[in-house]
Structures are given as structure tokens and as C-alpha cells.
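So the chains spell out like this:
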Amino acid sequence: MKLTAYTDYTLRTLIYLALHRDRLVTIQEIAELHTISKSHLTKVVHQLGMSNMVETVRGRHGGLKLNLEPREIGIGAVVRSTETDFDMAECFDAENNSCAYAKGCNLKGILAAATAAYLQVLDQVTLEDLITKPSDLHVINLYPPNSHRN
């Protein structure tokens, strides 16, 4: 199982915001740091704002900040809200299942259990757990506090 780019960008954004709680952060800043599309990141931030995890401040000196404490943001919930498909094989889709083994195969149950275990592990992790060693994250301040941003 591989996370979508959307989920990856969501997690990177949350981590960066958690590491920079002392100031507003811009989408441009995060996009530059991770060399990702600003337009894709804008969609991520919009969804984070709608979920109430992130506060967006409009205007010339606006930006983003976490709206919740890092310990209140569960990674399992984030992944569930950003991933659209946990079906690991064709047999999970009853309408489009053409597998000849579908009726007697045990693989579907095993894959479902594996997915549940994967999500159970993520449910035990919070954003705070992801930032416990910020010095190891090589935090880059592209725009230090009080700098003039466009």
C-alpha cells in the first residue's frame, strides 16, 4: 500500500506547521521547501482548513497555523480523510470483480485484516509523535519570523 501524493503533502504540511507554531506559515514556503506544486498544496490546505485542523489567515500578512494541538491530531484520522481507496485488490469492488477465485478465495479477508492492522497502527500515532525529534528533521526556516514575505 502506498499513500497518495495528496496524503503525503497533507502530512508534510501538518509536520511543518507543528514545527513552526510560533508564526504564520505560507503555502509558498511549504511548496518551496518540499519542491511541490503550490496549486496542489493549496487544495491540501483548503481541505485542512475545512477539517478545522488548520486555521487560514487571509491578507498580505496572512498564512497558516495549526488550529489544534499536535497531540489532538491523529494520523489515522488524517490518512482516512485524505485517502479515497483502501481496496487492495479487485475483489473488494463487488461491481467490477472479475476474479475467477472470488467466491472461494481467502485473500480478500487477509488483505482486509492487513488494512485494518495498518490503520490501527496509524490510529496510535499523533502529529506530536511525528515531531518529537525536530532537530533530526533538518528544519529549514525559509522565512524566519518578522521577515517580509510576498
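Below: a short report on this structure. (Residues numbered from 1 in each chain as written. Predicted model: local features only at pLDDT ≥ 70, side-chain atom pairs only at ≥ 80, totals over all residues. Heavy atoms only, no water.)

### Details of the pattern of salt bridges
Applying the stated criterion across every chain, the model contains six salt bridges. Between Glu69 and Arg71 there is a salt bridge; the shortest N-O distance is 3.9 Å. The network of salt bridges with shared partners includes Arg21, Glu69 and Arg71. (Salt bridge = Lys/Arg side-chain N within 4 Å of Asp/Glu carboxyl O.)

### Remarks on the nonpolar core
Considering soluble globular proteins, one finds that nonpolar side chains tend to be buried as a cluster. Core analysis: the largest hydrophobic core is formed by 27 residues, its most contacted members being Leu14, Leu41, Met53, Val54, Leu64, Leu66 and Ile73. Those elements that provide at least two residues to this core are helix H1 (5–19), helix H2 (27–34), helix H3 (38–50), strand S2 (63–66), helix H4 (75–82) and helix H5 (107–123). Per-element accounting of this core gives the leading share, six residues, to H1. Setting aside residues up to four positions removed in sequence, Leu66 forms contacts with Leu14, Leu17, Ala18, Arg21, Met53, Val54, Glu55, Ile73 and Leu127. (Core = buried A, V, L, I, M, F, W, Y, C linked by side-chain atoms within 4.5 Å. Buried < 20%, exposed > 50% of the residue type's maximum accessible area, 1.4 Å probe, protein only. Helix = DSSP H or I, 4+ residues; strand = E, 2+ residues; numbered from the N terminus. Contact = heavy atoms within 4.5 Å.)

### A few points about the packing of H1 against H3
Interaxial distance between H1 and H3 falls to 10 Å at its minimum, and their mutual angle equals 70 degrees. It follows from the interaxial angle that H1 and H3 lie roughly perpendicular. With respect to the hand of their crossing, H1 and H3 are arranged in right-handed fashion. Across from Tyr6, Tyr9, Thr10, Thr13 and Leu14 in H1, the residues of H3 making contact are His40, Leu41, Lys43, Val44, Val45, Gln47 and Leu48. (Axes fitted to C-alpha atoms, helices over the stretch in contact; angles between N-to-C directions. Parallel < 35°, antiparallel > 145°, perpendicular 65-115°, else oblique. Left-handed = near helix turned anticlockwise from the far one by under 90°.)

### Looking at the pairing of S2
Here four bridges tie strand S1 (residues 54–57) to S2, and the two strands are oriented antiparallel to one another. Looking across to S2, one finds that Glu55 is bridged to Lys65. The antiparallel pairing of S1 with S2 creates a hairpin that spans five residues between the two strands, and Gly59 there sits at a positive phi of about 110 degrees. (Pairing = 2+ DSSP bridges.)

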